[in-house]
Amino acid sequence: MSAMSKEHKMKAVYLTGHGGNEVVRIGDRPMPERKPGEVLVRLHAATLNRVDLYMRDSGAGITHTLPQVMGIDGAGVVQAVDEGHPELKAGDRVLLYPGVTCGHCEFCVRGEEVLCTSMKLLGEHRDGTLAEYIRVPARNAVRMPEGWSFEEAAALGVNHLTAWRMLMTQARLKPWETVLIFGIGGGVSLAGLQLAKAMGARVIVTSRESGKLDRALALGADAAICSSTQDVVKEVMRLTGKRGVDVVFENVGAAVWDSALKSAVRGGRIVTCGATTGDQPGADLRRVFIRQLQIYGSTLGNLSELRDLVRFCAQHQLRPVMDQVYPLEQAHAALDRLASGQQFGKIALRLA
Ligand SMILES: [Zn+2]
């Protein structure tokens, strides 16, 4: 550490261990050194994701080396890239695709690099985005939509990409269909609401908090169910003429799984990308096969999906919902806010 000269250091939020906020340090880390084929990005903003809390508190099952810079999504300005790169040059404003993939496994070759057997995610398996600089393969940098803030652009790379793949690729949502989104307020569920509305679908949202439901209605939700005072399945049936919804969009897990299965129309699709409240709910297999429900697991998305998403958002003038923006020095407060579940939209860190 003492060998690091001033110009080879950068400020970062990094993990020194696991368990509680005291393992999260704010201080100097070595400047990344760009290699050929890579892009060096001066990060301006990143947003927090649930996985940041997981890495802080446990990190179990995720191969990584401490100390490690936190943060999975981010946006900034290209500082350096190979000369003659067909798409990027110094000064370009970019957002990052969070997965660094091998490019030659069965799944990468198929164009499904999100399934890559050796995918390394920023902030999970390698240094992340809560820093002044990052180096990634040049293909991981995608030009930001015009007129967007860095905070908004950063938010696209994980939550919106996840919601996009869930709705567009897995569930193949149609404009005339109805989608039920559990637990509105978090980044993925809000992204799901925004994208499903922009795709033309009807959207029903649930939350235990009426304040979050009001805000979701203001964002375009067609109906809202307060799960602390109302029976979700009964309300869904009332709102859909006893039919059920075409698509259930779910990342809450065990606490809502039974309602998710019972809210779907015969032949309906249930797509899940998370299990915050537990990952071992009852399977109710009889319901699954008799009603021919289709259950999709999904996580993140491919680079091509991110590029499509950026164009879709630009075309529909759709911008991520932001909660609060913190300076890098207040990373602990930002993580606490995420852990509290009080947020509505993305919590961002400003890095420049
Ligand atoms: Zn691969």
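Please refer to the structure higher up on the page.
Residues numbered from 1 in each chain as written. Predicted model: local features only at pLDDT ≥ 70, side-chain atom pairs only at ≥ 80, totals over all residues. Heavy atoms only, no water.

Asker: Is there a simple way to think about the sheet that holds strand 11 (residues 178–181) in this case?
Answerer: In a beta sheet, neighbouring strands are held together by backbone hydrogen bonds and run either parallel or antiparallel to one another. One open sheet accounts for 6 strands, arranged 13-12-11-14-15-16; its pairing is parallel. Strands at the two margins of the open sheet, each flanked by one partner only, are strand 13 (223–226) and strand 16 (294–297). Recorded for the sheet is a direction-independent mean angle of 20° between the axes of neighbouring strands. Here 5 bridges tie strand 14 (residues 245–250) to strand 15 (residues 264–272), and the two strands are oriented parallel to one another. (Pairing = 2+ DSSP bridges. Helix = DSSP H or I, 4+ residues; strand = E, 2+ residues; numbered from the N terminus. Axes fitted to C-alpha atoms, helices over the stretch in contact; angles between N-to-C directions.)

Asker: What's the story with the coordination of the zinc ion in this structure? I'm lost.
Answerer: Donor atoms from the polypeptide that bind the zinc ion are Cys102 (SG), Cys105 (SG), Cys108 (SG) and Cys116 (SG), placed at 2.3 to 2.4 Å. Around the zinc ion sit 4 donor atoms; with metal-centred angles ranging over 104 to 116°, the donor geometry is tetrahedral. Counting the intervening residues between successive donors of the zinc ion yields the motif C-x2-C-x2-C-x7-C. When its relative accessible area of 12% is taken as the criterion, cysteine 108 is described as buried. (Donors = N, O, S within 2.8 Å, 3.2 Å for Na, K, Ca; no water. Tetrahedral: all angles 85-135°; square planar, octahedral: opposite > 155°, others 65-115°. Buried < 20%, exposed > 50% of the residue type's maximum accessible area, 1.4 Å probe, protein only.)

Asker: Would you mind going over the nonpolar core with me for this structure?
Answerer: The tendency in soluble globular proteins is for nonpolar side chains to be buried as a group. Counting 58 residues, the largest nonpolar core has Leu95, Val179, Leu193, Leu195 and Val205 as the members making the most contacts within it. Going through the elements one at a time, strand 5 (75–81), helix 3 (150–170), strand 11, helix 4 (187–198), strand 12 (202–207), helix 5 (210–218), strand 14 and helix 9 (303–315) are the ones with two or more residues in this core. Every residue in contact with leucine 195, bar those within four places of it in the chain, is listed here: His160, Ala163, Trp164, Leu167, Leu309, Phe312 and Leu318. Among the nonpolar cores identified, the runner-up in size contains 34 residues, and Leu15, Ile62, Leu96 and Leu335 belong to it. (Core = buried A, V, L, I, M, F, W, Y, C linked by side-chain atoms within 4.5 Å. Contact = heavy atoms within 4.5 Å.)

Asker: How should helix 7 (residues 254–263) be read in this particular structure?
Answerer: Given 3.6 residues to a turn, an α-helix orients residues that are three or four positions apart in the same direction. If you check which residues of helix 7 are buried, you get Val256, Trp257, Ser259, Ala260, Leu261 and Ser263. Where helix 7 is buried, its residues contact strand 11, helix 6 (232–239), strand 14, strand 15, helix 8 (285–290) and strand 16.

Asker: Can you help me understand the sheet that holds strand 4 (residues 68–69) in this one?
Answerer: Across the sheet, 3 strands lie side by side as 2-1-4; this open sheet has antiparallel pairing. The outermost strands of the open sheet, each flanked by one partner alone, are strand 2 (24–30) and strand 4. Note: strand 1 (residues 9–15) against strand 4, 2 bridges, orientation antiparallel. Following the sheet pairing, leucine 15 is matched in strand 4 by glutamine 68.

Asker: Would you take a moment to explain helix 9 for this structure?
Answerer: Between its terminal C-alpha atoms helix 9 stretches 19 Å, which fits the 18 Å expected from 13 residues at 1.5 Å a residue. The complete set of buried residues in helix 9 reads Leu303, Glu305, Leu306, Leu309, Val310, Phe312 and Cys313. Contacts made by the buried residues of helix 9 are with strand 6 (93–96), strand 10 (141–143), helix 3 and helix 4. Of the residues trailing helix 9, glutamine 317 is marked for its positive phi of about 45°. (Expected span 1.5 Å × (residues − 1).)

Asker: Sorry, what's going on with the packing of aromatic side chains here?
Answerer: Geometrically, a pair of aromatic rings is defined through the distance of the ring centres and the angle of the planes. In this structure the tally under the stated criterion is 1 aromatic pair. Sitting above the plane of the tyrosine 133 ring, arginine 42 keeps its charged end 5.3 Å from the centroid. A cation sits over an aromatic face here: arginine 93 above phenylalanine 150, 4.4 Å from the ring centre. (Phe/Tyr/Trp six-rings, centres within 6.5 Å; stacked < 30°, edge-to-face > 60°. Lys NZ or Arg CZ within 6 Å of the ring centre and 35° of its normal.)

Asker: Help me out: how do you make sense of the packing of helix 3 against helix 9 in this one?
Answerer: The relative placement of two packed helices is expressed as an angle between their axes plus a distance between the axes. In contact at an axis separation of 10 Å, helix 3 and helix 9 are set at 95° when each is read in the N-to-C sense. Between helix 3 and helix 9, the crossing angle belongs to the class labelled roughly perpendicular. Contacts between helix 3 and helix 9 involve Leu156, Gly157, His160, Leu161, Trp164, Arg165 and Thr169 on the former and, on the latter, Glu305, Leu306, Asp308, Leu309, Val310, Phe312 and Cys313. (Parallel < 35°, antiparallel > 145°, perpendicular 65-115°, else oblique.)

Asker: What am I meant to see in the pattern of salt bridges here?
Answerer: Between side chains of opposite charge, a pair can form as their charged atoms come close. Following the criterion strictly, the structure yields 22 salt bridges and no others. Of the charged contacts in the structure, one is a salt bridge between arginine 307 and glutamate 87, with a shortest N-O distance of 3.0 Å. With arginine 307 in helix 9 and glutamate 87 in the loop between strand 5 and strand 6, this residue pair connects regions lying 220 residues apart in the sequence. Relative accessible area serves as the criterion here: at 32%, arginine 307 is assigned to the partly exposed category. Residue classification places glutamate 87 among the partly exposed positions, given a relative accessible area of 37%. Aspartate 284 serves as the salt-bridge partner of arginine 287, at 3.3 Å between the closest nitrogen and oxygen. Taking relative accessible area as the criterion, aspartate 284 reaches 30% and is therefore assigned partly exposed. Where salt bridges share partners, they join Lys89, Asp92 and Arg143 into one cluster. (Salt bridge = Lys/Arg side-chain N within 4 Å of Asp/Glu carboxyl O.)

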